[in-house]
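Here's the letter readout for the chains.
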Amino acid sequence: MAAAPLLDIRNLTVEFATRRGTVQAVKAIDVSVGKGETVAIVGESGSGKSVTSYAVVRILDRAGRVAEGSIAFSGIDLVSATEAQMRDLRGREISMIFQNPRAALNPIRKVGKQIEDVLVQHVQATRATAREKAIEALEKVRIARPAERYDAYPFELSGGMCQRIVIALALACQPQLLIADEPTTGLDVTTQKAVMDLIVELTRERGMSTILITHDLGLAAAYCDKVVVMEKGRVVETASAAEIFHNPQHPYTRKLMKATPRVGMSLRDLLPEDQAKKTTSTPPVEAASAKPPATSAGRAPLLVVENLVKEYPRPAKGSFLAKLTGQAEPDQPAFRAVDGIGFEVRRGETLGLVGESGCGKSTTSMMVNRLLDSTSGRIVFDGQDIGSIPAKQFAASPFRRRIQMVFQDPTDSLNPRFTAERAIIDPILRMGQVRGRAALRARCEELAQLVGLPVELIDRFPHQLSGGQKARVGIARAIALDPDLVILDEPTAALDVSVQAVVLNLLEELKQRLGMSYVFVSHDLNVVRLLCDRVIVMRTGQIVEQGTAEEVLGAPRAEYTKELLTAIPHPPS
Amino acid sequence: MLGMIAARLKTTIPSVIGVIIVTFLLTRVLPGDTAAYFAGPAASNEAIADIRSKLGLDQPLPVQFVSYVVALVRGDLGTSLTTGQPVTADLAQRLPASAELTLVGLLISMAIALPLGVLAAVRQGSWIDHLCRIVATAGVSLPVFFTGLLLVYVFYFILGWAPAPLGRLDVFFSEPPRVTGFLLIDSLIARDLGTFSAALSQILLPALTLAIFSLAPITRMTRASMLAVLGADFVRTARASGLSTRKVIGTYAFRNAMLPVVTTLGMVFSFLLGANVLVEKVFAWPGVGSYAVEALLASDYAPIQGFVLTMAILYVALNLLIDILYGVIDPRVRLEG
């Protein structure tokens, strides 16, 4: 890059005015993006990576402002540019793609119209040609039947499709710089691959520069030339993708690198060296409730699921008009979310349930956890058919305390008005034998210790805890009644990788110590590989493949499993 | 569309039946003997009994109810004992007056509240935001009869800009041929501009009184709803793709923010329609509210039943209209329709 870079950020500091004074979200960073270059900005939540991009396009919210530094875009100083100048640049020269594509589109405007709005704004089309050009833009992002999709509303399209629309919107005016802010977070791996491949191909084709903002080091390394690692508002390392991956310099990069689950490593490998040593050397606290070590051999499996089916009635089909006049076609055969699956969970085992969204894995876990009634099939837990107990009455059943759950979003699954202590002892109050304030407090402290939550934090409310701490509260709550089976529904999906590493290790340790079995629902195959003994791969409500983790993920037999595995971003070797 | 409306109408049948039963019972439970009231203070017991049997009040309740429903089916709401007119005729005369007043009031209110709410949200924390808060609080804090009297005092008594608060039309003007019952519209249809401006000047003050009162909920709702939408991801996308402020706020944010506002509008409208008795009294407005209150004080069953029933049906119709509006604004609602 001998020529001047397209985007040159120098000494940029961004401040936010908060109630407690000014907070610097970005501290004196330097980033440059050359023409045609793809740069990744990698960091965990709160690292300031998104704020940096918002500062570039000047869409910081009202409380934020650029305190210092300069942002030069092909010679124009973006910090001092007028709002009118900025409006002209946004969308035409610098475009953005956002996380959560469905929310990023206006829900009540046809997607074609939204693309038209941008085209007309930047005088790339007139009212007469706008429709044609919008359809052209849809065609370029490989949307099948673009003329039809023009009239679709975002809620009628899948997540991957919505992201394509957002890309079409961003590229409609042929900008020089594309900023993609976590463009594939929340999308399935195969969709992620399709979307990333599309972005890379389209930007290469046009000689565009790209900034990819992500928390996923693997994704960054696989798709970018250069990687900028940020931590707490500072750039800690800038290097080529290959170099970052093979020879990370900064300790934070190394920690991040280590915490990213990959092939051929163990759970312990995820932790930073000092922490890994610490956990191994700590003598296990003698848990009062520890059960004899589970031996899977020679005993009946803990859970047997046979021919489980969940059907949902299909809504009447037909056009909007037909529906209004009552002429819609009546009943279709019911939709089978889970279509006759069978598996077993042995004692002390972790069973991984993987698949993409809509494959029925969550429905299955809800039925096993008896939060949802099955249409047919048997769920046998410790020799008893619990599937016949209606979900509504299951809370009163003695089995309830033996099957518990850790939910996906650690924040949403905690009552915001309950302290951590109240949340943890909630199941004990409802079903446990422990009575009396002091005894409850003691049990809560014991549980907090068990999950590694500092005891002084248990009087705090969820909003006063970090993501990792909230995850620990959720886990403590799930194990409060010494369950035999814990269903983990993507327990780490909302966490940063370094926190994920710690939580995964915690889960493994707890399992060993308390002799529980896990059903681990996840879409992240690398995590499943680390944590699970056996794996079930699901697709459209059926089991595609099952076997031990090494078998299924090491030498997959089903085409679909292979497809999933190749879709995981592969860093440069 | 027709199918949806028909389906929606079907669901309203039980509530209408419920309203018929409840109003019937309620008016019978109310204290006060209609027959005694009409016979006058000096009437003998025989005379009262005579009136009672003439009115059918000596029959058992179920029999009274059946005859009431039979009459209702024929479109007969009974006869008002105070005015001596059929209730249907009275309501047909007075409902347009109330509706016209409420509608004009609501239009004025919307014309002020919507822009104010939007501006307050866009410039959160600025003087316009504070103005919005003050206007809204002041509007609901002042009782309508007080604002009404104040307006009359200032604009009629002191400034002399407004005509005397004596009904819908000055005595010197004759009512235009009746088409809709709305004087403003009828006079325009009759191409009678003189009558139009006379009617307009009569309606302005009472409408303004209602508008001031209804400003608060509409402004508040618009502001809150706009604030929520302005923070949404798609507004950020719109801004990041360089759309003009007008487009972002008008097309993207405002339309999305309208959904809760439309609901509030419906509620405010139906509330005003039934509850503007005080305004009608202050301005001698011949509306349904004052009609119903007079009937209530006289223990006159028929007008009260007719009034409550009409209001219930209006309310149902209004909700239907709001549902349709929802479908127009939000495509997602259409699917569930």
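Residues numbered from 1 in each chain as written. Chains lettered and ligands numbered in written order. Predicted model: local features only at pLDDT ≥ 70, side-chain atom pairs only at ≥ 80, totals over all residues.

### Structural notes on the overall build of chain A
When you go through chain A residue by residue, the secondary structure sums to 21 helices and 20 strands. The C-alpha radius of gyration computed for chain A amounts to 26 Å, which stays within 12% of the reference 25 Å derived for 573 residues, consistent with globular compactness. Overall, chain A is about 70 × 65 × 50 Å in size when its C-alpha atoms are taken along their principal axes. In chain A, buried positions account for 46% of the 573 residues. Taking as baseline every contact in chain A between residues at least 6 positions apart, the subset at least 24 positions apart corresponds to 69%. (Helix = DSSP H or I, 4+ residues; strand = E, 2+ residues; numbered from the N terminus. Rg over C-alpha atoms; globule rule 2.2 N^0.38 Å. Buried ≥ 20, exposed ≤ 12 C-beta atoms within 10 Å, placed from the backbone. Contact = placed C-beta atoms within 7 Å.)

### A word on the confidence of the model for chain B
Taken as a whole, chain B shows an average pLDDT of 84; of its residues, 96% reach a score of 70 or greater. Model confidence for chain B, summarised as mean pLDDT per element, is weakest for helix 15 (residues 331–336) of chain B at 66 and strongest for helix 10 (residues 233–240) of chain B at 91. (pLDDT = per-residue confidence, 0-100.)

### Looking at the interface of chain A and chain B
Taken together, the contacts link 29 residues of chain A with 25 residues of chain B. Tallied by class, the residues present in the side of chain A that touches chain B amount to 16 nonpolar, eight polar and five charged. (Nonpolar A, V, L, I, M, F, W, Y, C, P; charged D, E, K, R; others polar.)

### Comments concerning the sheet that holds strand 7 (residues 177–181) of chain A
Strand-to-strand pairing in sheets goes through backbone hydrogen bonds, with the strands running parallel or antiparallel. All names here are of chain A. The six strands are arranged 6-7-8-3-9-10 in an open sheet whose pairing can be described as mixed. With one partner strand each, in any of the chains shown, strand 6 (94–97) and strand 10 (234–240) form the two edges of the open sheet. Strand-to-strand twist of the sheet, defined as the mean angle between neighbouring strand axes without regard to direction, takes the value 15°. Both strand 6 and strand 7 contribute to a ladder of four bridges, which runs parallel. (Pairing = 2+ DSSP bridges. Axes fitted to C-alpha atoms, helices over the stretch in contact; angles between N-to-C directions.)

### What about the environment of Val263 of chain A?
Residue and element names in this part refer to chain A. Considering the arrangement of structural elements, one finds Val263 in the loop between helix 11 (251–259) and helix 12 (273–281). The class of Val263 is partly exposed, set by 13 C-beta atoms lying within 10 Å. Sequence separation of Val263 and Ser374 is 111 residues, and the distance between their C-alpha atoms is 36 Å.

### Quick word on the packing of helix 7 (residues 159–171) of chain A against helix 8 (residues 189–206) of chain A
Residue and element names in this part refer to chain A. At a minimum axis distance of 10 Å, the contact between helix 7 and helix 8 shows a crossing angle of 15°. Comparing their axes, helix 8 and helix 7 come out roughly parallel. The two elements helix 7 and helix 8 meet at a crossing, and its hand is right-handed. Residues Gly159, Gly160, Gln163, Ile167 and Leu171 of helix 7 form the contact with helix 8, whose own contacting residues are Thr191, Ala194, Val195, Leu198, Ile199 and Leu202. For the contact of helix 7 with helix 8, a count of residues per class yields seven nonpolar, four polar and no charged. (Parallel < 35°, antiparallel > 145°, perpendicular 65-115°, else oblique. Left-handed = near helix turned anticlockwise from the far one by under 90°.)

### Brief notes about the domain arrangement of chain B
All names here are of chain B. Along its sequence, chain B is organised into domain 1 (32–76) and domain 2 (87–336). Centre-to-centre, using C-alpha coordinates, domain 1 lies 38 Å away from domain 2. Every contact between the two is made by six residues of domain 1 and, on the other side, five residues of domain 2. Of the residues contributing to the side of domain 1 that touches domain 2, the split by class is one nonpolar, three polar and two charged. (Domains from an automatic or database assignment.)

### Some words on helix 11 of chain A
Residue and element names in this part refer to chain A. With seven of nine residues buried, helix 11 lies mostly within the body of the structure. Taken as a whole, helix 11 has its buried residues at Tyr252, Thr253, Lys255, Leu256, Met257, Lys258 and Ala259. Buried residues along helix 11 sit in contact with helix 9 (217–223), strand 9 (226–231), strand 10, helix 10 (241–246) and helix 18 (497–514).

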